[in-house]
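In case you want the letters, here they are:
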Amino acid sequence: MQRHPMRRVTIVIEALAREALCRLLTEAGAQGFTIFPVESHGAHAAQPSDIAEFGTLQCEAVVRPAAAEELLQSLFRDFFPRYAVIVYESEVWVLRPEKF
Amino acid sequence: MQRHPMRRVTIVIEALAREALCRLLTEAGAQGFTIFPVESHGAHAAQPSDIAEFGTLQCEAVVRPAAAEELLQSLFRDFFPRYAVIVYESEVWVLRPEKF
Amino acid sequence: MQRHPMRRVTIVIEALAREALCRLLTEAGAQGFTIFPVESHGAHAAQPSDIAEFGTLQCEAVVRPAAAEELLQSLFRDFFPRYAVIVYESEVWVLRPEKF
Amino acid sequence: MDWIEALQANATSPAVLFFALGFAAAVLRSDLKIPDALYVTLTIYLLCAIGLKGGVALSSAPFARLWLPLLAAIALGAAIPLWSYALLRRALGFSQVDAAAIGAHYGSVSAFTFVAASNYLQSIDVPFPGESVALLAVMESPAILVGIWLGRPGADAGRTRVGEIVREALLGRSVLLLLGSLLIGVLAGKRGMAQVEGFFVVPFQGVLCLFLLELGLVAGRRCGDLRHVGPRLLLFGLAAPLAHGALGAWIGTSIGFDVGGATLFGVLAASASYIAAPAAIRQALPDASPTLYLTAALVVTFPFNLAVGIPYVYALARAWGA
Amino acid sequence: MDWIEALQANATSPAVLFFALGFAAAVLRSDLKIPDALYVTLTIYLLCAIGLKGGVALSSAPFARLWLPLLAAIALGAAIPLWSYALLRRALGFSQVDAAAIGAHYGSVSAFTFVAASNYLQSIDVPFPGESVALLAVMESPAILVGIWLGRPGADAGRTRVGEIVREALLGRSVLLLLGSLLIGVLAGKRGMAQVEGFFVVPFQGVLCLFLLELGLVAGRRCGDLRHVGPRLLLFGLAAPLAHGALGAWIGTSIGFDVGGATLFGVLAASASYIAAPAAIRQALPDASPTLYLTAALVVTFPFNLAVGIPYVYALARAWGA
Amino acid sequence: MDWIEALQANATSPAVLFFALGFAAAVLRSDLKIPDALYVTLTIYLLCAIGLKGGVALSSAPFARLWLPLLAAIALGAAIPLWSYALLRRALGFSQVDAAAIGAHYGSVSAFTFVAASNYLQSIDVPFPGESVALLAVMESPAILVGIWLGRPGADAGRTRVGEIVREALLGRSVLLLLGSLLIGVLAGKRGMAQVEGFFVVPFQGVLCLFLLELGLVAGRRCGDLRHVGPRLLLFGLAAPLAHGALGAWIGTSIGFDVGGATLFGVLAASASYIAAPAAIRQALPDASPTLYLTAALVVTFPFNLAVGIPYVYALARAWGA
Ligand SMILES: Nc1ncnc2c1ncn2[C@@H]1O[C@H](COP(=O)(O)O)[C@@H](O)[C@H]1O
Ligand SMILES: Nc1ncnc2c1ncn2[C@@H]1O[C@H](COP(=O)(O)O)[C@@H](O)[C@H]1O
Ligand SMILES: Nc1ncnc2c1ncn2[C@@H]1O[C@H](COP(=O)(O)O)[C@@H](O)[C@H]1O
Ligand code: NA
Ligand code: NA
Ligand code: NA
């Protein structure tokens, strides 16, 4: 089947930033994304997540390369200085490019 | 260490399709896969998942390239017209190819 | 924006191995990683996860290529013979290489 | 107590008010969320509690007395999808598979509407036969099976295994818990019940409040889907409980139930499944639109029954039973 | 009962001891974990339970009697961030945004400190006006809004939408549940309450123990952050509840509350929010350091109030009220 | 009450029947699932509840009376793995590490078998000393430590840190909660207990039912692993509780316990750990097969004790105690 290249942007971030993140993703043109809570082990130590609001969440968005660029720039400018956050990008392929 | 190329197929799908999806994956030759519930933000709006059955789940299967091809075709034919679903594929490497 | 290549190592493993895994990752030089519980469907059959300790977890660590090599070797030597575990690696790009 | 009073007594019950609170919270887009684990827990608790109580009632009642009601319940459950299907397909213009799917939901039952009804009867001191929970257990599946049969596509879609689905409809979570705890109630009897009363009886009505808070949230969040549902289905979602409720109350009275029992029978007929049926139908008839059947059952009929349907059926049962 | 006795009665209450157990478990790095779903469930339960009780009390009390206390509570909540800000910024050398954020937390309230205080009063048989839960509901938001206003950066950071935040502060989860169940209590009255007592009243104090076990764990795990907090904030975190508690108890007495009511008023003033405020502040003032405000509210002031602040405020209220 | 009666009373208790229901649901492959969060919650609740009750009993009992039983319990817990190891290795042909791992599980204890036993005694009106919960707390760890020592590989595998593991065995979740709430019970005394009775006592037996429903599901799902376990381990899983139960009941009687106390002592000896031990052993002895020890403890011995072992030990204790 014919595949179309996209970028998957993964964001691991403190849960209190959830609203801000959703807004950013929508503004950067992501058509959709998934979020799930994770237990995170960062620079300092394990971060227990008994209370979801104080925990960490992982967000995955598959977007067009141009949107990925914009997203990364916004994250770099607005999020990196303010939140405990890790971002990485990878290449993925989809079947229906019109959905992204 | 020696790596062997595989494909990782990620499927984000409404939870009510769980059984059908498991069957499809098994038939397409996936030796295993993992499933976890996610909060999904799709085309329309956030989809709250207070009741897991009405929510969304993410499924990740690492399979041989041939199985990936078959899996994508089945998904395209049987799932895309019927379910709220997003599928994407990426390249991964494994150490023990005989497990996939 | 300037991207830097890293490796993402994904480990799907029985939950009872959690402590050993965290130790291994730290020793192999991972600066951080995320863990979340998954429902796993392996070689044998679905593995129900009513009790998290008897279930499966997925761990994702983004590390430098050298650390990935070391990590995979340790996993191969110490974990593959002992635990129900699947490991795969993929290429990702990050913005701030100094964090990994 | 006349109609107005019956409505009022219902509208000031904490359970109904908590449903309204959840609904309001969702509509106001509050960040209130109920963990899925709590939802499942409440479901299990409520099903086990009513099963147990029913079982204890059965253990001291002649089982023979139940045969006729059980048969009537099964027959009614199987019949509702038939005329609903005809109506939806012919008069209201739905596709074959959608009409079958919606019919399945309205023939099947909502356990929590049943619980709310028994709660209502208790709060206005109307006795009801404890065994009637057995009706709930047997009435869940027949309609689903009939609906699947009605909606089965000519060329089978390959992914639907009817055997599987029948097995599931008969052995689904709620039927299993209900029948299982019914049996436990029969075996443990009054003596066993006395031990676990502090958990399964004392806090029951309060737990129901929490559960309805959650259901209110879920229904409220899906409120936006009403737009996709159209006036015809809206009408059906309001008319069906009125018609089926009256029919059920009448049958219940005819086969000898007292006012409480006839009310519960009517409420079962009036209620639409929004848990068991969607799960089964989404698998067996994947081409039917979940937006239609789920919104109708959960956002239209469930709240309507909670607020109006239950006291309405009770008023009928009382009028006919006297 | 003198000071020592008041402290002792508090220190041997199961609720306080369970907090200590959780704290100890975390400090000893035990693998004890409480599922997030349980935490949310307990929160919802406790808020609904106190809301209901307050509502029932309100339903049989002249609502007029509440206007003055409500206004006083709102004013006090809005004023605390002002002087806290000045103090933190001028005397203690914090940045504008951090001073504003910390002030917001200490002006807002901790629902569970309130619950612990009413639990304490109950255990030593001191009556308190049930309606005082309304104070809790109105006192959560004003301080947050004042704090955001104080900390608002000159050049807006783009991601903060003040409208959104105001809406959220007024319609947050806890305010909504409190006001909602208060209203349900008013509507359902004593009759409705009788139905749900087995769930919302009988097990209440035990549920509180489980909740405090969890909070002890959370506070204990964050204990290490005390290092990043510095002696000045530590001092503030201990002095603020003493000063605000005294002020609140005095105001409460002045506006005519009995000893129990004045104690609760004082405890509200003394308490610092660690749930609603962090969520709102992290969004509205992302440049403020959560390590500072969260550690101060959760690890310093909450345990201090639980162990010392509550009996201290009670002793003052008793001295002034007599 | 003779053997048959003792068995019958047990078999019609709601708790045991709910276990059977869960087991049946799993074997019939129903989609019934219990959220992990509920499982953890029930665990915490049950441990705190029995700890508290034990503590209150201790607070009004001479602590001195407990030294001998505690020592006996520790010694028995440490000794069981020794002979089990010898038997499994020599007579039944298991590898060193598997024999050590299985021995550790049977020397350690199952808190919920203990709870089921005290529930059973209560339901047949046999008193037992509340302090015996202290035995449960001290008996969890010794066997695990002995088992690890027996199974320690000559060349250490690098990943096992014995220090860590000892610390964990002594400070594991269940031991911590038990000892912690025991202490709380002692400190809070009857007065404190009265406050929290509505939560920790009244619904206790019902909560146990829910918990056993869950354990039944878990055991039932693992039923298929019986194939991998072989007849020799199956035999051991049935014979060990009979032998250890008799031994424990005899020791209990000898050191002066009444019938209830001796029964609990015997049940502790008869039970096999399926929570604390697997977690510790999987880490310390990763080369031992979890299929063997987990299946034996959870699928064979736990249900056997629940259905047969508890009334059997009680019958022995009664015969010897008279
Ligand atoms: N290399 C990594 N791979 C995956 N997740 C990471 C990694 N490093 C950090 N994280 C996650 O990102 C969060 C923020 O990272 P940090 O800013 O290092 O505390 C951490 O809490 C971890 O959950
Ligand atoms: N670009 C995306 N990246 C990740 N997940 C997505 C994306 N788009 C949609 N999804 C998820 O896939 C589900 C189905 O998508 P849709 O058909 O657009 O409603 C949504 O509910 C989202 O959870
Ligand atoms: N191909 C796969 N893709 C993703 N996860 C897998 C795959 N195969 C196995 N797994 C997971 O890894 C766990 C261990 O695998 P196994 O050793 O095959 O039982 C399984 O329980 C699955 O959850
Ligand atoms: Na119906
Ligand atoms: Na305050
Ligand atoms: Na034992």
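Above this text is the structure in question.
Residues numbered from 1 in each chain as written. Chains lettered and ligands numbered in written order. Predicted model: local features only at pLDDT ≥ 70, side-chain atom pairs only at ≥ 80, totals over all residues. Heavy atoms only, no water.

1. Concerning the overall build of chain D
Then, in step 1: In terms of regular secondary structure, chain D is built from 15 helices and 0 strands.
Then, in step 2: Relative to the globule expectation of 20 Å for 322 residues, the C-alpha radius of gyration of chain D, 19 Å, shows essentially globular dimensions.
Then, in step 3: Here the C-alpha coordinates of chain D stretch approximately 55 × 45 × 40 Å along the principal axes.
Then, in step 4: The buried share of chain D, reckoned over its 322 residues, is 65%.
Then, in step 5: Taking the contacts inside chain D whose residues are at least 6 apart along the sequence as the reference set, 88% of them involve residues at least 24 apart.
Then, in step 6: Split by element, the accessible area of chain D, about 10,700 Å² in all, is 66% carbon and sulfur.
Then, in step 7: With 19 positive and 16 negative side-chain charges, chain D shows a spacing of 6 Å between the two charge centroids. (Helix = DSSP H or I, 4+ residues; strand = E, 2+ residues; numbered from the N terminus. Rg over C-alpha atoms; globule rule 2.2 N^0.38 Å. Buried < 20%, exposed > 50% of the residue type's maximum accessible area, 1.4 Å probe, protein only. Contact = heavy atoms within 4.5 Å. Areas by Shrake-Rupley, 256 points an atom, 1.4 Å probe, with all protein chains shown as cover. Lys, Arg positive; Asp, Glu negative; His and termini not counted. Charge placed at Lys NZ, Arg CZ, Asp CG, Glu CD.)

2. Examining the site of ligand 3
Then, in step 1: In the vicinity of ligand 3 there are 14 residues, among which G32, V62 and K99 of chain B together with S40 and I86 of chain C approach most closely.
Then, in step 2: Positioned at a junction of chains, ligand 3 has nearby residues supplied by chains B and C.
Then, in step 3: Here a nitrogen atom of ligand 3 sits 3.2 Å away from a polar atom, N or O, in the main chain of G32 of chain B.
Then, in step 4: Here an oxygen atom of ligand 3 sits 2.9 Å away from a polar atom, N or O, in the side chain of S40 of chain C.
Then, in step 5: Considered on its own, ligand 3 offers 470 Å² of accessible surface; in the complex 93% of this is hidden by protein. (Near = heavy atom within 4 Å. Polar contact = N/O pair within 3.5 Å; in protein donor to acceptor, adjacent residues only side chain to side chain.)

3. Some thoughts on the coordination of the sodium ion (ligand 4)
Residue and element names in this part refer to chain D.
Then, in step 1: In the first shell of the sodium ion (ligand 4), the protein supplies Y106 (O), S108 (O), L268 (O), A269 (O) and S271 (O), at 2.3 to 2.9 Å from the metal.
Then, in step 2: On the primary sequence, the residues serving as donors to the sodium ion (ligand 4) are separated as Y-x1-S-x159-L-A-x1-S. With a gap of 161 residues between them, S108 in the loop between α5 (96-107) and α6 (111-123) and A269 in helix α13 (residues 259-270) connect regions that are remote in the sequence.
Then, in step 3: Overall, the relative accessible area of 0% leaves S108 in the buried class.
Then, in step 4: What makes A269 buried here is its relative accessible area of 1%. (Donors = N, O, S within 2.8 Å, 3.2 Å for Na, K, Ca; no water.)

4. A few points about the interface of chain E and chain D
Then, in step 1: In this complex, chain E contributes 24 residues to the contact, which on the side of chain D involves 25 residues.
Then, in step 2: Across the interface of chain E and chain D, roughly 2,200 Å² is buried in total on both sides, 76% from carbon and sulfur atoms.
Then, in step 3: Its largest share of buried area at the contact with chain D, chain E owes to I184, Q195 and F199 of chain E, together 26% of the area lost on that side.
Then, in step 4: At the boundary of chain E with chain D, the tally comes to 0 salt bridges. (Buried area = accessible area lost by both parts, 1.4 Å probe. Salt bridge = Lys/Arg side-chain N within 4 Å of Asp/Glu carboxyl O.)

5. Some thoughts on the coordination of the sodium ion (ligand 6)
Then, in step 1: The protein atoms that coordinate the sodium ion (ligand 6) are Y106 of chain F (O), S108 of chain F (O), L268 of chain F (O), A269 of chain F (O) and S271 of chain F (O), at distances spanning 2.4 to 2.9 Å.
Then, in step 2: Between the donor residues of the sodium ion (ligand 6), the gaps in sequence give the motif Y-x1-S-x159-L-A-x1-S.

6. Notes on the packing of aromatic side chains
Then, in step 1: All told, the structure shown has 48 aromatic pairs over all chains when counted by the stated rule.
Then, in step 2: Ring geometry for F76 of chain A against F80 of chain A: centres 5.6 Å apart, planes inclined by 55 degrees, an arrangement best described as tilted.
Then, in step 3: By relative accessible area, which is 39% here, F76 of chain A ends up partly exposed.
Then, in step 4: Through successive ring pairs, a cluster of aromatic residues spans F18 of chain D together with Y45, F199, F200 and F204 of chain E.
Then, in step 5: Residue placement shows R96 of chain A over the ring face of F80 of chain B; its charged tip is 3.6 Å from the ring centre.
Then, in step 6: The positively charged end of R232 of chain D is found above the aromatic ring belonging to F94 of chain D, 5.0 Å away from the centroid. (Phe/Tyr/Trp six-rings, centres within 6.5 Å; stacked < 30°, edge-to-face > 60°. Lys NZ or Arg CZ within 6 Å of the ring centre and 35° of its normal.)

7. A closer look at the relation of the copies chain E and chain D
Then, in step 1: Relative to chain D, chain E is turned by 120 degrees and slid 0.0 Å along the rotation axis, the superposed coordinates differing by an RMSD of 0.0 Å. What we have between these two chains is a three-fold relation. Among all C-alpha atoms of chain E, that of A37 of chain E lies closest to the rotation axis, at 3.7 Å. (Least-squares fit on C-alpha atoms with pLDDT ≥ 70 in both.)

8. Description of the pattern of salt bridges
Then, in step 1: Tallying each qualifying case throughout the model produces 33 salt bridges over all chains.
Then, in step 2: Across the pair R222 of chain D and D225 of chain D runs a salt bridge, and its minimum N-O distance is 3.8 Å.
Then, in step 3: For D225 of chain D, a relative accessible area of 23% translates into the label partly exposed.
Then, in step 4: Each of R3 of chain A together with R7, E69 and E89 of chain B takes part in salt bridges that share partners, so that together they form one network.

9. Quick word on the side chain of S90 of chain A
Then, in step 1: Residue position: S90 of chain A is located in strand β5 (residues 85-94).
Then, in step 2: For S90 of chain A, a relative accessible area of 10% translates into the label buried.
Then, in step 3: Discounting residues that sit within four places of it in the chain, S90 of chain A has contacts with M6, R7 and R8 of chain A together with E91, V92 and W93 of chain C.

10. Considering the site of ligand 1
Then, in step 1: Inspection of the region around ligand 1 gives 15 residues, with S40 and I86 of chain A together with G32, V62 and K99 of chain C positioned closest.
Then, in step 2: At the site occupied by ligand 1, the surrounding residues belong to chains A and C.
Then, in step 3: At a separation of 2.8 Å, an oxygen atom of ligand 1 approaches a polar side-chain atom of K99 of chain C.
Then, in step 4: When isolated, ligand 1 has an accessible area of 470 Å², and the protein chains bury 93% of it.
Then, in step 5: Every element with two or more residues in the shell around ligand 1 is listed here: β2 (33-41) of chain A together with β2 (33-41) and β4 (56-63) of chain C.
Then, in step 6: Per-element accounting of the shell around ligand 1 gives the leading share, 3 residues, to β4 of chain C.
Then, in step 7: Class assignment for the residues of the shell around ligand 1 results in 7 nonpolar, 6 polar and 2 charged. (Nonpolar A, V, L, I, M, F, W, Y, C, P; charged D, E, K, R; others polar.)

11. Side note on unusual backbone geometry
Then, in step 1: Unusually for a residue other than glycine, R29 of chain D sits at a positive phi of about 55 degrees.
Then, in step 2: Among the secondary structure elements, R29 of chain D is positioned in the loop between α2 (14-27) and α3 (36-59).
Then, in step 3: Here D125 of chain F, not a glycine, exhibits a phi torsion of approximately 60 degrees, which is positive.
Then, in step 4: The residue D125 of chain F is located in the loop between α6 (111-123) and α7 (133-139) in this model.

12. Concerning the environment of Y312 of chain F
Residue and element names in this part refer to chain F.
Then, in step 1: Within the secondary structure, Y312 is located in helix α15 (residues 290-321).
Then, in step 2: On the accessibility criterion, Y312 (15% relative accessible area) is buried.
Then, in step 3: Here the alpha-carbon distance between Y312 and P241, two residues 71 residues apart in the chain, equals 9.9 Å.
Then, in step 4: Residues in contact with Y312, not counting those within four places in the same chain, are W3, P241, L242 and A246.

13. Side note on the state of the cysteines
Should the sulfur atoms of two cysteines be covalently bonded, the bond is a disulfide.
Then, in step 1: In this structure the tally under the stated criterion is 0 disulfides over all chains.
Then, in step 2: Unpaired in terms of disulfides, C209 of chain D finds its nearest cysteine sulfur in C48 of chain E, a separation of 8.8 Å. (Disulfide = S-S within 2.5 Å.)

Geometric descriptors of this kind do not, in isolation, establish any biological role.
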